[in-house]
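Chain and residue survey
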Protein chains: 2
Amino acid sequence: MHEDICTIPGGHVTSVPGFLAGAVRAGIKENVDKLDLGILYSQRPCAAAAVFTSNRVKAAPIVLCQKHLADGRAQVVVANSGCANACTGEGGLRDAREMAELTAAKLGLRPEDVLVASTGVIGCPMPMERVRAAIRDVVLSADGGDGLARAIMTTDTVPKQIAVRFVWQGRQYTIGGIAKGAGMIHPQMATMLSFLATDAPAESGFLGAALRQAVDASFNMISIDGDTSTNDMVVVLANGAAGGEPLAEGHPAAGRFLAALTQVCVYLAQAICRDGEGATKFIQVRVEGAASEADARRAAREIVRSLAVKTAVYGSDPNWGRILAALGNSGAEMIEENTTLYLGECCLYRGGCPLDYDESAARAVLAGAEVDIRVDLGLGDGAATAWGCDITEEYVRLNSAYRT
Amino acid sequence: MHEDICTIPGGHVTSVPGFLAGAVRAGIKENVDKLDLGILYSQRPCAAAAVFTSNRVKAAPIVLCQKHLADGRAQVVVANSGCANACTGEGGLRDAREMAELTAAKLGLRPEDVLVASTGVIGCPMPMERVRAAIRDVVLSADGGDGLARAIMTTDTVPKQIAVRFVWQGRQYTIGGIAKGAGMIHPQMATMLSFLATDAPAESGFLGAALRQAVDASFNMISIDGDTSTNDMVVVLANGAAGGEPLAEGHPAAGRFLAALTQVCVYLAQAICRDGEGATKFIQVRVEGAASEADARRAAREIVRSLAVKTAVYGSDPNWGRILAALGNSGAEMIEENTTLYLGECCLYRGGCPLDYDESAARAVLAGAEVDIRVDLGLGDGAATAWGCDITEEYVRLNSAYRT
């Protein structure tokens, strides 16, 4: 849509001017060779917005961030993997607060300017001695984004990061982001963790609304296993370093900024699905012709959530009845006679009847690394796309044999 | 609660006086050695009630049964496995109608007195030539219940059946039932298929209300994989053969009848979970102290649905944070500080804090074939119990390598 939004090759969150990052091996994870604590720092104050998990059990860092973001400003995120600091009671809140205080002291800021994010095992206390040493040891640099992306990984096998750029009236604006995913991914608000940075001079109200829209079209449209985590959080920091008029509702570049932010979020959300625990295939479900956009979203997401669909895709079995069954469960308005179903280019079902399709062609679609499912509900203009991955024996193994 | 409700050893659906059944190998299933079509027949007219799937995609037999049950009466169920007759359009409806007509003609009844139930692959047309021959070949007998229970099996490994008896004012009342489950089990209304029979003289209005209550406490409280099928159906036929005053609301034996019906449904629902696709463990989740019963039901069912919980149970990993995360996702009102969590007799979490529990004792609870999870929300009097099973590599294998 916006051809002038271009991806920066090898870009990451500190590709955005004015942002520094760094990460260290704190020893929070059992595997001491892995980075597990990092800091994202803006050299100037930022407008900030975030969306958080809808899980009623909220991790201590989530509770703290909600407080620290009340003024729509933040300048730093300190994040760790290996321990979620969730279900840890008053002690957990104290630990999250101390992480903010130590990071603020290190950088000469107020604790309220620091956001804290954690991911890992639920119910374990933070090993604060290691955390204190690690916060002290982090060295910030303009190419530290990649290390930070690695430090927030849990069962992820690759870091997820991107940066995009667009030009408006001669000025260059950059948005960069990182995310982690892998398991317990069925975001209701956000995904496990994603940090976005921009040098656009976005006002915090506009930034919050833009983030909500971008997240609804990206992180809120993926499902790996149907479980919503206690620590989900997407945060965006806008330091305004690019200069120019403040970006607010009605600004002529607002649409472009939203499109660029959405592009970053969609890329990261898809990257999470491509790297789902044990996954071998990426699944895209497009629902069109729905009675409303909400219906389209519901239907697309339920299809991609369905274990029956995920396992059939894994086995390259064009058992399309499972897709219709998931559609019927989604709560979206539908009439069988109006519904058309495609697997790649193969039309399998139309007008309430199965078609006499070429099974080997359908199997070929499913055998690919990227599987496209498309449904036309034939009722209205609502459309939405959801993403996910297959479920394999390896997913079960990862979630039963190891504690994550 | 009702000690005078006793289970009949080896009992099944035709342990109920006045009911006959039979089953044959129709050749609908690929494996021709397996029974796959059967008939349940009451020698006298019955009050009848049923609950059906809430999936918007409803199989042809479901649509037909809803019509045939409009008068609250039925006398026969003809059922097959191997083909769900779902998403099969007008042709599928015609086939379901013909199955009712042929069965009615065989038994000298009106087609409206016949209910049709199908389970198996979605989107395949019924092989009607085989079905016609099979309906003709079925031989009905008073010990045919076991064969019928086997004829409705798909990936089930054992038939699920039970009969119970209670005495009221010198008269003996019997309730028998069969069910099938295994996969695509997350009933919203009923489970895949269950047929219940009783000789109690239940009026159809009372029968429907009693069935709804019994199903809400049994089939609607289980989850194997979170997917609601297109063919779910529980039906009860009451032939009144036991005699006595008509059972209606306010009848002094109504409570006992409901308790016996619920006992039958709970047994069958649990049997479905014990035989879940690839399952190695049976899971029971009890939620108490909820703000409402609806909240307790929601919470219990979400815990038992969670893939993260199911896989941790499979791996005997007391990763209890996943249970709290599922609880937080359920939509039930909860306050972390009020919540207490038990695994068997081990208390793991109380007052908003993890307890210093004995991990080996918790592992021992999870290593058993039956795992008890108990949550006290500390908010009110709402309580409910849900059942399920673990998810294993074998579940993935069954659902990817074979078409079911």
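How each quantity is defined
- Residues numbered from 1 in each chain as written.
- Chains lettered and ligands numbered in written order.
- Predicted model: local features only at pLDDT ≥ 70, side-chain atom pairs only at ≥ 80, totals over all residues.
- Helix = DSSP H or I, 4+ residues; strand = E, 2+ residues; numbered from the N terminus.
- Rg over C-alpha atoms; globule rule 2.2 N^0.38 Å.
- Buried ≥ 20, exposed ≤ 12 C-beta atoms within 10 Å, placed from the backbone.
- Contact = placed C-beta atoms within 7 Å.
- Pairing = 2+ DSSP bridges.
- Axes fitted to C-alpha atoms, helices over the stretch in contact; angles between N-to-C directions.
- Parallel < 35°, antiparallel > 145°, perpendicular 65-115°, else oblique.
- Left-handed = near helix turned anticlockwise from the far one by under 90°.
- Nonpolar A, V, L, I, M, F, W, Y, C, P; charged D, E, K, R; others polar.
- Least-squares fit on C-alpha atoms with pLDDT ≥ 70 in both.
- pLDDT = per-residue confidence, 0-100.
- Core = buried A, V, L, I, M, F, W, Y, C linked by C-beta atoms within 7 Å.
- Domains from an automatic or database assignment.

This part is about the overall build of chain A. Looking only at helices and strands, chain A has 11 helices and 16 strands in total. Scaling as 2.2 N^0.38, a compact globule of 404 residues should have a C-alpha radius of gyration of about 22 Å, and chain A matches this with 21 Å. Judged by the C-alpha coordinates and their principal axes, chain A covers about 70 × 55 × 35 Å. Here chain A holds 404 residues, and 62% of them are scored as buried. Taking the intrachain contacts of chain A between residues at least 6 apart in sequence as the baseline, contacts between residues at least 24 apart amount to 79%.

This part takes up the sheet that holds strand β13 (residues 346-350) of chain A. Residues and elements named next belong to chain A. With mixed pairing, seven strands are arranged side by side in an open sheet as β9-β16-β11-β15-β12-β13-β14. For this open sheet the edge positions go to β9 (222-223) and β14 (353-354), each flanked by a neighbour on one side alone. With seven bridges joining them, strand β11 (residues 282-290) and strand β16 (residues 382-389) adopt antiparallel strand pairing. Bridge pairing in β16 links Arg286 to Thr385. Docked against the sheet, helix α7 (residues 293-305) engages β9, β11, β15 (370-376) and β16, running at close to 20° with respect to β16.

Many authors give the size of an interface as the accessible area that is lost as the parts come together. Between chain B and chain A, the contact holds 50 residues from the first and 50 residues from the second. At the level of secondary structure, the elements contributing two or more residues to the side of chain B that touches chain A comprise α8 (307-314), α9 (321-329), β14 (353-354) and α11 (393-401) of chain B. A total of eight residues in the side of chain B that touches chain A trace back to one element, the largest contributor, which is α9 of chain B.

A few words on the packing of α8 of chain B against α9 of chain B. Residue and element names in this part refer to chain B. Contact geometry for α8 and α9: axes closest at 9 Å, N-to-C directions at 160°. Taken together, the axes of α8 and α9 lie roughly antiparallel to each other. The way α8 lies across α9 gives a crossing that is left-handed. Residues Ala308, Val309 and Ala312 of α8 pack against Arg322, Ile323, Ala325 and Ala326 of α9. In terms of residue class, the contact of α8 with α9 is made up of six nonpolar, no polar and one charged.

With an axial shift of 0.0 Å and an RMSD of 0.0 Å, the rotation relating chain B to chain A amounts to 180°. This pairing of chains is accounted for by a two-fold axis. No C-alpha of chain B approaches the rotation axis more nearly than that of Glu393 of chain B, which lies at 2.2 Å. Comparing interface residues between copies, 100% of those in chain B also sit at the interface in chain A, which points to an isologous, same-surface contact.

When pLDDT drops low, the exact placement of atoms in the prediction is not to be read closely. Here chain A averages 87 in pLDDT, while 95% of its residues score no lower than 70. Confidence metrics for the complex model read pTM 0.81 and ipTM 0.77.

Our next topic: α9 of chain B. Within α9 of chain B, nine of the nine residues are buried, which leaves it mostly tucked inside the rest of the structure. For α9 of chain B, the full list of buried residues reads Gly321, Arg322, Ile323, Leu324, Ala325, Ala326, Leu327, Gly328 and Asn329 of chain B. Of the surrounding elements, those touching the buried residues of α9 of chain B are β5 (114-121) of chain A together with α7 (293-305), α8, β12 (340-343), β13 (346-350) and β15 (370-376) of chain B.

Attention shifts here to the environment of Leu93 of chain B. Residue and element names in this part refer to chain B. Here Leu93 shows up in helix α2 (residues 89-107). Taking the C-alpha atoms as reference, Leu93 lies 9.6 Å from Ile62; in sequence the two are 31 residues apart. The contact partners of Leu93, leaving out residues within four places of it in the chain, are Ala60, Val63 and Leu64.

Attention now moves to the nonpolar core. With 285 residues, the main nonpolar core has Leu40 and Val235 of chain A together with Leu40 and Val235 of chain B as its most contacted residues. Leu40 of chain A has contacts with Val13, Phe19, Ala21, Val76, Val77, Leu148, Phe195 and Ala197 of chain A, leaving out every residue within four places of it along the chain.

Right, let's talk about the domain arrangement of chain A for a bit. All names here are of chain A. Structurally, chain A comprises domain 1 (6-274) and domain 2 (282-401). Centre-to-centre, using C-alpha coordinates, domain 1 lies 31 Å away from domain 2. Between domain 1 and domain 2, the residue contacts involve 12 residues of the former and 14 residues of the latter. Mapped by element, the contributors of at least two residues to the side of domain 1 that touches domain 2 are β9 and α6 (254-274). At four residues, α6 tops the list of elements feeding residues into the side of domain 1 that touches domain 2. When its residues are assigned to classes, the side of domain 1 that touches domain 2 shows five nonpolar, six polar and one charged.

Residue and element names in this part refer to chain B. One open sheet accounts for seven strands, arranged β9-β16-β11-β15-β12-β13-β14; its pairing is mixed. The strands lining the two open edges of the sheet, one partner per strand, are β9 (222-223) and β14. With two bridges connecting them, β9 and strand β16 (residues 382-389) associate as parallel partners. Residue pairing in the sheet places Ile222 in a bridge with Trp387 of β16.

All names here are of chain A. Residue position: Val24 is located in strand β2 (residues 19-24). According to the C-beta neighbour criterion, Val24 is buried, with 20 such atoms within 10 Å. Taking the C-alpha atoms as reference points, Val24 and Ala151, separated by 127 residues in sequence, lie 7.5 Å from one another. Ignoring sequence-local partners within four residues, the contact set of Val24 consists of Leu35, Leu37, Ala134, Asp137 and Val138.

Here we take up the pairing of strand β6 (residues 160-168) of chain B. Residues and elements named next belong to chain B. Where burial is concerned, most of β6 is hidden: seven out of the nine residues are buried. As paired elements, strand β1 (residues 6-7) and β6 share two bridges and run antiparallel to each other. Of the residues in β6, the one forming a bridge with Thr7 is Val164. Both β6 and strand β7 (residues 171-180) contribute to a ladder of nine bridges, which runs antiparallel. Following the sheet pairing, Val164 is matched in β7 by Ile175. Hairpin geometry of β6 and β7 is characterised by an intervening segment of two residues between the two adjacent antiparallel strands and by a positive phi of about 50° at Gln169.

Okay, unusual backbone geometry next. Backbone geometry places Cys87 of chain A, a non-glycine residue, at a positive phi of 60°. Assessed through the 28 C-beta atoms surrounding it within 10 Å, Cys87 of chain A is described here as buried. A positive phi angle, near 50°, is found at Ser316 of chain B, a position not held by glycine. Summarising the element assignment, Ser316 of chain B is placed in the loop between α8 and α9.

What follows deals with the pairing of strand β2 (residues 19-24) of chain B. It is a general feature of regular strands that their side chains alternate between the two faces of the sheet. Burial analysis of β2 of chain B places six of its six residues in the buried class, which makes it a mostly covered element. Neither face of β2 of chain B is open: one carries Phe19, Ala21 and Ala23 of chain B, the other Leu20, Gly22 and Val24 of chain B, and all of them are buried.

With that out of the way, let us pick up the environment of Trp387 of chain A. All names here are of chain A. Its location among the elements puts Trp387 in strand β16. Separated by 166 residues in the primary sequence, Trp387 and Met221 have C-alpha atoms spaced 6.3 Å apart. Setting aside chain neighbours within four positions, we find Trp387 in contact with Met221, Ile222, Ala269, Gln270, Cys273, Ile283, Gln284 and Val304.

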